[in-house]
Amino acid sequence: MTPGERSRMRQLPERGSHNPDAVHFVLDAGFLAHVGFTVSSQTFVIPMLYCRDGDTLYLHGAATSRIMQRLGTGIAACVAVTLVDGLVLARSAFHHSVNYRSVVAFGTARVLTEPGRKTRALRDISEHLIAGRWDEVRGPSRAELELTSVLEFSIEEASAKIRSGPPLDDEADYGRSVWAGVVPLRLEAKAPEADSGVQAEVGVPQYLLRLPWSKSS
Ligand SMILES: Cc1cc2nc3c(=O)[nH]c(=O)nc-3n(C[C@H](O)[C@H](O)[C@H](O)COP(=O)(O)OP(=O)(O)OC[C@H]3O[C@@H](n4cnc5c(N)ncnc54)[C@H](O)[C@@H]3O)c2cc1C
């Protein structure tokens, strides 16, 4: 992962970093990416699940989907991951902001064809989202594996940007009689809702109660 022209931050570069640790930190905290790519002058941005291993992201989808087919040819792609931590309310409209952690990564993908590697990547995506689930459910059949495409996205360059803390107002506005501060936001797992067909003896698995973004965290 080498910083380059695509990831050089011009706006508020002091909030950003090209340090791989910072990039990995944000990527590991998220599970939802927006993947951008261009076909015939039209840019598409598609939300997808992912997991990370080193400077590689794994993505999966229907083998027939446009994104899997196009990215699999090795065209340039851009992956954005965003975690919103709070609304920042300033004393002026201009200085309102958001507390966040985000990554923008550039690179290319290739299709994983070897069934063992494909299955491992699918397992890793699943475990990144719900650790403990994979070993409990039926794994993909050969036919299901064929219907699924798995991409290995190599990050060539990436930037992380983080904003935290209170609003930053103009000195002259601090005396104004208006509320200012931060409304913290976070993604939260609520109590699991069992499907109506779940066998009577099956309780809520422990791993659902310790999701990283569940209420208890
Ligand atoms: C939840 C959220 C909401 C936002 N809302 C707004 C908004 O409404 N208006 C607004 O102007 N800005 C907003 N931002 C900031 C925005 O993401 C950009 O950082 C900013 O607009 C600068 O864009 P630019 O293309 O001019 O940046 P440049 O500095 O020209 O971008 C150059 C490179 O810097 C890197 N980069 C830029 N932004 C980010 C980022 N957020 N995370 C990681 N790398 C980045 C990329 O590699 C990019 O290619 C928001 C950010 C987040 C996370």
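For the structure itself, consult the block above.
It should be emphasised that the depicted structure is a prediction, and the values quoted were computed from it without experimental measurement.

Within the fold, Pro-184 resides in strand β9 (residues 181-184). Using a relative accessible area of 65% as the deciding quantity, one classes Pro-184 as exposed. Distance in space between the C-alpha atoms of Pro-184 and Val-98 is 9.6 Å, their sequence separation being 86 residues.

A complete count under the given rule lists one aromatic pair for this structure. Look at Phe-37 and Phe-44: their rings are 5.6 Å apart centre to centre, the planes differ by 25 degrees, and that puts the pair in the stacked class. Comparing Phe-37 with Phe-44 shows no difference in burial state: the two are buried. Above the plane of the ring of Phe-44 lies Arg-66, whose end atom (NZ or CZ) is 3.7 Å from the centre.

Here Ser-159 lies in strand β8 (residues 148-163). Setting aside its immediate chain neighbours within four residues, Ser-159 contacts Ser-7, Met-9, Ser-17, His-18, Val-23, Ser-102, Val-103 and Val-104.

Before going further, it helps to spend a moment on the site of the ligand. Around the ligand, the surrounding shell holds 15 residues, and the nearest of these are Arg-6, Arg-10, Ser-102, Ser-159 and Lys-161. Arg-6 is positioned with one of its backbone polar atoms (N or O) 2.7 Å from an oxygen atom of the ligand. Within the complex, 56% of the 860 Å² of free accessible area of the ligand lies under protein. Mapped by element, the contributors of at least two residues to the shell around the ligand are β6 (77-89), β7 (97-112) and β8. Ranked by residue count, the leading element in the shell around the ligand is β7, at five residues.

Another point: the environment of Ala-93. Tracing the backbone shows Ala-93 in the loop between β6 and β7. Sequence-wise, Ala-93 and Asp-169 are 76 residues apart; in three dimensions their C-alpha atoms are separated by 9.9 Å.

A separate point is helix α1 (residues 20-29). Listed as buried for α1 are Ala-22, Val-23, His-24, Val-26 and Leu-27. A side-chain oxygen of the first residue of α1 lies 2.7 Å from the backbone nitrogen of Asp-21; this N-cap is Asn-19.

Turning to the nonpolar core, a few remarks are in order. As a rule of thumb, soluble globular proteins bury nonpolar side chains together. Counting 28 residues, the largest nonpolar core has Leu-27, Val-35, Leu-59, Leu-71 and Phe-153 as the members making the most contacts within it. Residue assignment for this core shows that the elements contributing at least two residues are α1, β2 (32-39), β3 (42-49), β5 (56-62), α2 (66-71), β6, β7 and β8. Tallying contributions element by element places β8 first for this core, with five residues. Residues contacting Val-35, with those up to four places away along its chain left out, are Phe-44, Val-45, Ile-46, Met-48, Leu-59, Ile-67, Leu-71, Cys-78 and Val-79. Judged by nonpolar contacts, the second largest core, of nine residues, contains Cys-51, Ala-121, Leu-145 and Val-150.

Scoring rules and cut-offs
- Within any chain, residue numbers begin from 1 and follow the written order of that chain's sequence.
- Only residues with pLDDT of at least 70 are given local features in this predicted model, and only at 80 or more are side-chain atom pairs given and counted; all residues enter the totals for whole chains, interfaces and linings.
- Hydrogen atoms and water are omitted, and side-chain values are computed over all heavy atoms in the structure.
- Here a helix means four or more residues in a row that DSSP labels H or I, a strand means two or more in a row labelled E, and each is numbered from the N terminus.
- Residue burial is assigned from relative accessible area. The probe radius is 1.4 Å, only protein chains are included, and a residue is buried under 20% of its type maximum, exposed over 50%, and partly exposed in between.
- Ring geometry is summarised as follows: Phe, Tyr and Trp rings, the Trp one being its six-membered ring, pair when their centres sit within 6.5 Å, and such pairs are stacked at plane angles under 30 degrees, edge-to-face over 60 and tilted between the two.
- Both a distance and an angle decide whether a charge sits over a ring: NZ of Lys or CZ of Arg must be within 6 Å of the ring centre and within 35 degrees of the ring normal.
- By the convention used here, residues are in contact when the closest approach between their heavy atoms is within 4.5 Å.
- Nearness here has a simple test: a residue counts as near a molecule or strand if at least one of its heavy atoms is within 4 Å of that partner.
- Whenever two N or O atoms come within 3.5 Å, that pair is a polar contact, provided that in protein one can donate a hydrogen and the other can accept it, and provided that, for residues adjacent in sequence, both atoms are side-chain atoms.
- Exposure was quantified through the Shrake-Rupley algorithm and a 1.4 Å probe, taking into account, for residues, occlusion by the shown protein chains and nothing else.
- What we call a nonpolar core is a set of buried Ala, Val, Leu, Ile, Met, Phe, Trp, Tyr and Cys residues that are connected through their side-chain atoms within 4.5 Å.

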